Amino acid sequence: MKIGNLHIDGITVLAPLAGITNLPFRRIVRKIGCGLVCSEMISANGLTYGSPKTQNMLASDADEKPVSFQLFGADPAIMADAAVMAAEAGADIIDINCGCSVKKILKGGAGSALMKDPEKAREIFTNVRKAIRIPLTVKIRSGWEPSGKEAFLLARIAEDSGIDAITLHPRTATQGFTGISDWTLIAELKQRIKIPVIGNGDITRPEDAIRMLTQTGCDGVMVGRAAMGNPWIFSQIHDLMTHGRYSAVTIDQRFSAMKAFAAASVAYFGELNACRMMRSRLTWLVKGLPGASRFRESITKIRTLEEAGGLMDSYFESLRNEQD
Ligand SMILES: Cc1cc2nc3c(=O)[nH]c(=O)nc-3n(C[C@H](O)[C@H](O)[C@H](O)COP(=O)(O)O)c2cc1C
């Protein structure tokens, strides 16, 4: 897939997930073989006001590249300034959030609120486009009603404003994450615009990605929730596309990814904060394995990387013994 002048290795994209797709998680996913990773949404206002917490979200590392930084906001000038900051921090792509339907974001006129205000969206797109030279993308929902009319209009405005690709999560803003995403809208969008379309919504297994590509003709596939417990889904999609099959994740692959994830999280968040986070995140990665609940209980109080490492060592040792 090519987005603007940027070649993406393959067709898979890690979705922006607030609170999840931070630098440590993105590094793991990229290493596993995802083509493009996206940051969690970052407040343009927070960046330009100099909030240290927000600015810290621009942390990046060479081994995650290419990376897309997603911005949300409603002020065209602030969005343009924030895009420059993100580009200078190392973003390969800037993505504009037009899909978030969380009340707090909507109240500020950002996210899905822009799908009700296409002229404001146009102003944001053109301002940001003028401010940066790297590829610029937009992530949208169906709109506020299910026909997709607002999505098609916004996508046309985006294309006319020099946006390089569109991601469509075909649920309405009011739907949140309920119901199922309407992939026919992805197919229709693909017919209506020339820039690449990335399809998103309800890819839970590698087979779903192939089905989405076939049914909609989309250029790339974005995976969100399924990647939280199975970041290997990206290499599995690649294997299924290129070899017609994929393998189950091995114990050793899981073990080394979890160890690397824990270490990267400690480096980024500090030991105690990272360990608090690992208490739930590591369990997502062993869900369904024998003894997973025992492992989950064992890590509820971890405070150091050494402790976490020891518990992972003994859990994986027991899994290997069971396998022999
Ligand atoms: C916990 C969580 C956080 C999310 N955060 C963002 C976000 O920051 N920006 C965004 O555009 N979408 C966000 N989304 C939506 C996802 O990017 C994606 O569009 C949606 O989950 C559908 O894809 P999936 O079925 O593969 O999960 C979030 C979704 C979840 C579940």
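Only a predicted model underlies this, so the values are computations on that prediction, with no experimental measurement involved.

### Here's the deal with the domain arrangement of the protein
What the domain assignment lists for the protein is domain 1 (2-243) and domain 2 (251-323). Of note, the centres of domain 1 and domain 2, computed from C-alpha atoms alone, are 30 Å apart. Each partner contributes to the interface: domain 1 provides 11 residues, whereas domain 2 provides 10 residues. Among the secondary structure elements, those contributing two or more residues to the side of domain 1 that touches domain 2 are helix H1 (23-32) and helix H10 (225-229).

### Focus on helix H9 (residues 206-216)
Restricting attention to buried positions, one finds in H9 the residues Pro206, Ala209, Met212 and Thr216. Seen end-on, H9 carries its buried residues on one side only, within an arc spanning 120 degrees. Buried positions along H9 lie against helix H8 (183-192), strand S10 (197-200), strand S11 (220-223) and helix H11 (233-243). Residue Gly217 follows H9 closely and has a positive phi angle near 75 degrees.

### Some remarks on H11
For H11, the set of buried residues is Ile233, Phe234, Ser235, Gln236, Ile237 and His238. Next to the buried residues of H11 lie strand S3 (12-14), H1, H9, S11 and H10.

### Details of the pairing of strand S7 (residues 93-98)
A large share of S7 lies buried, amounting to six of its six residues. What you see with S7 is no split at all: Ile93, Asp95 and Asn97 on one side and Ile94, Ile96 and Cys98 on the other are buried throughout. Read from strand S6 (residues 67-72) through helix H4 (residues 76-88) to S7, the crossover connection turns out right-handed. Across five bridges, S7 lies against strand S8 (residues 136-143) in parallel orientation. Note on S8: the bridge partner recorded for Cys98 is Ile140.

### Side note on the nonpolar core
By size, the foremost hydrophobic cluster in this structure holds 94 residues, and its most contacted members are Leu71 and Val221. At six residues, the largest contribution of residues to this core is made by H4. When residues of this core are sorted by domain, at least three fall in each of domain 1 (2-243) and domain 2 (251-323). Ignoring any residue separated from it by four or fewer positions in sequence, one finds Val221 in contact with Ile11, Thr12, Val13, Ile198, Gly199, Ile203, Ala209, Met212, Leu213 and Ile237.

### Things to note about the site of the ligand
As a structural note, the neighbourhood of the ligand is formed by 21 residues, with Ala15, Pro16, Met41, Gly224 and Arg225 the closest of them. Tallied by class, residues from the shell around the ligand come to 10 nonpolar, seven polar and four charged.

### Observations concerning the packing of H8 against H9
Put simply, H8 and H9 touch, their axes get as near as 8 Å, and they point 45 degrees apart. On the basis of their axis angle, the class for H8 and H9 is oblique. Crossing hand, H8 versus H9: right-handed. Contact residues: H8 offers Trp183, Ile186, Ala187 and Lys190, while H9 offers Met212, Gln215 and Thr216.

### Quick look at the environment of Asp239
Considering the arrangement of structural elements, one finds Asp239 in helix H11. With residues near it in sequence (within four places) discarded, Asp239 still touches Arg245 and Tyr246.

### Some points on the packing of helix H7 (residues 149-160) against H8
For any two helices packed against each other, the geometry is given by the interaxial angle and the distance between the axes. With their axes 11 Å apart at the nearest point, H7 and H8 run at an angle of 30 degrees to one another. Crossing hand, H7 versus H8: right-handed. Seen from H7, the contacting residues are Ala151, Phe152 and Ala155; seen from H8, they are Leu185, Leu189 and Arg192. In terms of residue class, the contact of H7 with H8 is made up of five nonpolar, no polar and one charged.

### Describing the environment of Met212
Of note, Met212 is situated in helix H9. A count of 24 C-beta atoms within 10 Å places Met212 in the buried class. Apart from residues lying up to four places away in sequence, Met212 is in contact with Trp183, Gly199, Ile203, Cys218 and Val221.

### Structural notes on unusual backbone geometry
With an omega of 0 degrees, the peptide bond between Lys65 and Pro66 qualifies as cis. As for its placement among the helices and strands, Pro66 is situated in the loop between helix H3 (52-56) and S6.

### Details of the pairing of S11
Of the two faces of S11, the one carrying Gly220 and Met222 and the one carrying Val221 and Val223 are both buried. In the sheet, S3 pairs with S11 via three bridges, with the strands oriented parallel. Pairing of Thr12 across the sheet is with Val221, part of S11. The sheet contact formed by S10 and S11 spans three bridges and is parallel. Each bridged residue has a counterpart across the sheet, and for Gly199 the counterpart in S11 is Val221. Running through H9, the crossover from S10 to the neighbouring parallel element S11 is right-handed.

Parameters and conventions
Residues numbered from 1 in each chain as written. Predicted model: local features only at pLDDT ≥ 70, side-chain atom pairs only at ≥ 80, totals over all residues. Domains from an automatic or database assignment. Contact = placed C-beta atoms within 7 Å. Helix = DSSP H or I, 4+ residues; strand = E, 2+ residues; numbered from the N terminus. Buried ≥ 20, exposed ≤ 12 C-beta atoms within 10 Å, placed from the backbone. Arc of directions from axis to C-beta. Right-handed = clockwise from strand over helix to strand, strands pointing away. Pairing = 2+ DSSP bridges. Core = buried A, V, L, I, M, F, W, Y, C linked by C-beta atoms within 7 Å. Near = placed C-beta within 6 Å. Nonpolar A, V, L, I, M, F, W, Y, C, P; charged D, E, K, R; others polar. Axes fitted to C-alpha atoms, helices over the stretch in contact; angles between N-to-C directions. Parallel < 35°, antiparallel > 145°, perpendicular 65-115°, else oblique. Left-handed = near helix turned anticlockwise from the far one by under 90°.

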